[in-house]
Amino acid sequence: MSPNKRAELVENALPLFYRNGFHATGMDLVAKETGVSKTSIYKHFRTKEELILAVLRLRDESFRNWLCRKMEEMADTPAGQLLVMFDILEQWFLEDSFRGCMFIKASAEFQDQGDAINLHAFEHKRLLEEHFRTLAEQANASNPCQLARELLLLKEGAIVLAAMSHTTAPAKQAKQVAQILMADLA
C-alpha cells in the first residue's frame, strides 16, 4: 500500500471509529467500509491498535488546527480567542455528525494508564491546554496555568454534556462561566 493509500485508509477509518466506537468497530467493518482488504490493512498496521493510533494522530492534528484557526479568525485578542472557543463548540455541536469527543471515547475504551491509546488521548488534551495557557499568558492572566486548566475543564464538560443531552446549551453555559473566570482580562 502506498503512503497515499495508507493515508486514505486512515482518513476513511476515522469516521467509522468516531461513529461506532473503537471496540465496536472490527477490522472486517473497516475493510468493508474502506474498500481495503484486511491483508492490505495489516501490511501497514500490525494491529488494530496501530490503526487506531494513526486515526487519533490524524484527528488530533485536524481538530487542533481547525479549532485554533477558527479561534484566530473569530477574535482579534488572546482573551477573545479563549472566549470564542465556546461559540465554535456550539457550531460543532449543531453538526449532524457530532458524536462527542473522539479522545474522550478513546480514553473511556482504553482506560489503562500505560495504554498507548489512552496516553495519546491525554496528549491531545495536554496540547490544547498548552495552547490555552499560551493565550492566557498573552492576555496577562494572573495565573495562566490555572486559567488554561479551568477552560479545558469547561470545554471538555461542555462536549460531554452536549453529546449526552443532544443540545448546544452546554456551550453557552460554559462560556458564561468562562466569562466569569476571565473577568479581569477584559
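Trainee: Summarise the packing of aromatic side chains; cite the residues concerned and give the values.
Mentor: Between two aromatic rings, the relevant description is the distance of the centres plus the angle of the planes. Applying the stated criterion to the full structure yields 8 aromatic pairs. Three or more aromatic residues joined by ring pairs form one cluster here, namely F63, W66, W92, F93 and F98. Its guanidinium or amino end placed over the ring of Y18, R59 lies 5.2 Å from that ring's centre, counting from NZ or CZ. A cation over an aromatic ring shows up here: K105 above the ring of Y18, its NZ or CZ 4.7 Å from the ring centre.

Trainee: Describe the nonpolar core, and please don't skip the residues or the numbers.
Mentor: Membership of the largest hydrophobic core comes to 61 residues, with the highest contact counts inside it found for F17, V30, I41, L51, F93, F132 and L151. If we skip the residues at most four places from it in the chain, V30 touches L9, A13, L16, F17, T25, G35, I41 and L51.

Trainee: For helix 7 (residues 116-138), give the residues involved together with the corresponding values.
Mentor: Here helix 7 spans 33 Å end to end across 23 residues, near enough to the 33 Å set by a 1.5 Å rise per residue. Along helix 7, the positions that sit buried rather than exposed are I117, N118, H120, A121, H124, K125, L127, L128, E129, F132, L135 and A136. Those residues of helix 7 hidden inside the fold are in contact with helix 4 (48-74), helix 5 (78-94), helix 6 (102-109) and helix 8 (144-165). The distance from a side-chain oxygen at the start of helix 7 to the backbone nitrogen of I117 is 2.7 Å, and the residue carrying that oxygen is D115. Just past helix 7, the residue N140 takes up positive phi, approximately 65 degrees.

Conventions we followed
Residues numbered from 1 in each chain as written. Predicted model: local features only at pLDDT ≥ 70, side-chain atom pairs only at ≥ 80, totals over all residues. Heavy atoms only, no water. Phe/Tyr/Trp six-rings, centres within 6.5 Å; stacked < 30°, edge-to-face > 60°. Lys NZ or Arg CZ within 6 Å of the ring centre and 35° of its normal. Core = buried A, V, L, I, M, F, W, Y, C linked by side-chain atoms within 4.5 Å. Buried < 20%, exposed > 50% of the residue type's maximum accessible area, 1.4 Å probe, protein only. Contact = heavy atoms within 4.5 Å. Helix = DSSP H or I, 4+ residues; strand = E, 2+ residues; numbered from the N terminus. Expected span 1.5 Å × (residues − 1). Polar contact = N/O pair within 3.5 Å; in protein donor to acceptor, adjacent residues only side chain to side chain.

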